Amino acid sequence: MMARTHIAFASLMMVACSVGILQRMPQLHEVAIAGAAGLLPDLDHPKSTFGRIVPYISIPLAAVFGHRGFTHSILMVVVMVYLLLADHQNHNWPVLPLVVGYLSHIIGDMLTPSGVPLLWPMRQKFSFKLFKADGPMEQLIYRCCWVGIGYFLWVALGRPAQAWLQPVQQLLEAQLWQLWASGKVWLVYWVERLAAA
Ligand SMILES: [Zn+2]
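Residues numbered from 1 in each chain as written. Predicted model: local features only at pLDDT ≥ 70, side-chain atom pairs only at ≥ 80, totals over all residues. Heavy atoms only, no water.

We describe a pair of aromatic rings using the distance from one ring centre to the other and the angle between the two ring planes. Enumeration over the complete set of coordinates arrives at six aromatic pairs. Centre to centre, the rings of Tyr-142 and Trp-146 are 6.3 Å apart; their planes meet at 85°, and the pair counts as edge-to-face. On the criterion of helical spacing, the pair formed by Tyr-142 and Trp-146 is a turn pair, its members being four residues apart in helix H7 (residues 136-156). Since its relative accessible area comes to 42%, Trp-146 is described here as partly exposed. When the ring centre of Tyr-142 is taken as origin, the NZ or CZ atom of Arg-4, which lies over that ring, is 4.0 Å away. (Phe/Tyr/Trp six-rings, centres within 6.5 Å; stacked < 30°, edge-to-face > 60°. Helix = DSSP H or I, 4+ residues; strand = E, 2+ residues; numbered from the N terminus. Buried < 20%, exposed > 50% of the residue type's maximum accessible area, 1.4 Å probe, protein only. Lys NZ or Arg CZ within 6 Å of the ring centre and 35° of its normal.)

Before going further, it helps to spend a moment on the pattern of salt bridges. Applying the stated criterion across every chain yields a total of two salt bridges. A salt bridge links Glu-30 to Arg-24; the shortest N-O distance between them is 3.2 Å. On the basis of relative accessibility, which here comes to 30%, the residue Arg-24 falls in the partly exposed class. (Salt bridge = Lys/Arg side-chain N within 4 Å of Asp/Glu carboxyl O.)

What follows concerns the confidence of the model for the protein. When the pLDDT values of the protein are averaged, the result is 88; 95% of them are 70 or greater. The spread of mean pLDDT over the elements of the protein runs between helix H8 (residues 161-196), the lowest at 76, and helix H2 (residues 28-37), the highest at 96. (pLDDT = per-residue confidence, 0-100.)

For the zinc ion, the full set of protein donor atoms is Asp-42 (OD), His-72 (NE2), His-105 (NE2) and Asp-109 (OD), and the range of their distances to it is 2.0 to 2.2 Å. Here the zinc ion is ringed by four donor atoms whose angles at the metal span 91 to 173°, and the overall shape comes out irregular. For the zinc ion, the single-chain donor residues occur in sequence as D-x29-H-x32-H-x3-D. Pair noted here: Asp-42 is in the loop between H2 and helix H3 (49-53) and Asp-109 is in helix H6 (residues 95-110), with a separation of 67 residues, a long-range link. A residue is classified by how much of its surface remains accessible, and Asp-42, at 13% relative accessible area, is buried. On the accessibility criterion, Asp-109 (0% relative accessible area) is buried. (Donors = N, O, S within 2.8 Å, 3.2 Å for Na, K, Ca; no water. Tetrahedral: all angles 85-135°; square planar, octahedral: opposite > 155°, others 65-115°.)

Here the focus is the UniProt feature "transmembrane region" (unreviewed entry) in the protein. Within the UniProt annotation, "transmembrane region" (unreviewed entry) is assigned to residues 69-86, 98-120 and 140-157. Taken end to end, residues 69-86 has its terminal C-alpha atoms 24 Å apart, with 72% of it in helix and 0% in strand. Measuring from the first to the last C-alpha atom of residues 140-157 gives 26 Å, for a span that is 94% helix and 0% strand. (UniProt positions renumbered as here; feature names shortened; annotations may be inferred.)

Structurally, the position occupied by Leu-96 is in helix H6. Judged by relative accessible area, Leu-96 falls into the partly exposed class, the value being 35%. Along the primary structure Leu-96 and Phe-131 are separated by 35 residues, whereas in three dimensions their C-alpha atoms are 28 Å apart. Residue contacts for Leu-96: discarding those within four places in its chain leaves Met-14, Cys-17 and Leu-22. (Contact = heavy atoms within 4.5 Å.)

As a further point, take a nonpolar patch on the surface. Judged by side-chain polarity, Ile-74, Val-78, Leu-119 and Met-122 come together as a nonpolar surface patch covering roughly 350 Å² of accessible area. Along the chain, the position of Ile-74 falls in helix H5 (residues 74-86). (Patch = residues over 30% accessible without salt bridge, like charges linked within 9 Å, V, L, I, M, F, W, Y side chains within 5 Å. Areas by Shrake-Rupley, 256 points an atom, 1.4 Å probe, with all protein chains shown as cover.)

With that settled, the discussion passes to unusual backbone geometry. With omega at 10°, the peptide bond leading from Trp-120 into Pro-121 counts as cis. Mapped onto the elements of the fold, Pro-121 is located in the loop between H6 and H7.

Here we come to the environment of Met-76. Mapped onto the secondary structure, Met-76 falls in helix H5. Sequence separation between Met-76 and Pro-26 is 50 residues; the distance between their C-alpha atoms is 26 Å. Those residues in contact with Met-76, other than ones at most four positions away along the chain, are Phe-70, Thr-71 and Tyr-102.

Ranked by internal contacts, the top residues of the largest apolar core, which has 16 residues, are Phe-9, Leu-12, Met-14, Val-15 and Cys-145. Looking at this core, the elements that each hand over two or more residues are helix H1 (3-21), H2 and H7. The biggest single contributor to this core is H1, with seven residues. In this view, Met-14 contacts Glu-30, Val-31, Ala-34, Leu-96, Pro-97 and Val-100; residues no more than four positions away in its chain are not counted. Judged by nonpolar contacts, the second largest core, of 14 residues, contains Leu-84, Val-95, Tyr-102 and Val-116. (Core = buried A, V, L, I, M, F, W, Y, C linked by side-chain atoms within 4.5 Å.)

In structure tokens:
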């Protein structure tokens, strides 16, 4: 997947996790951290967004593990969670957004045919082969991610659209009833005339 789709997908996962599982408003900083963490696994590619920022990390990573290697595995997630929790007393790491964003990247790459070596160091790659990276399907998924974020925000805000829609709905209903009532008068008139003819 492309960087922007990874960011959107990671943000969607974080918002869904906040609203759907934790049942609370999504926090902006958490969504931003998840979005950034959604790019982290591609540190193993010197031309990726973060890879270009820290080439002294990405170039050795690419040389040792190759692209879509260790950084795209469950083992890496376990190591990351362990390190974050171990250092939790020194730094209050935002563990949840980091893990959600990171996992979302691995899931996202699994949707494309290249797949990911989930069980690294085993070489087997796992892929749902749903769509090609940067193809029309990915463009659609990118847009759907933002629609999804909008949906969860709407849910989190207690569906306030109901409050805006209700007066409009009532107005429309009133108008339709009036239309039906006057229409009925004409209908009765014409039916009676036709019957009399
Ligand atoms: Zn990747």
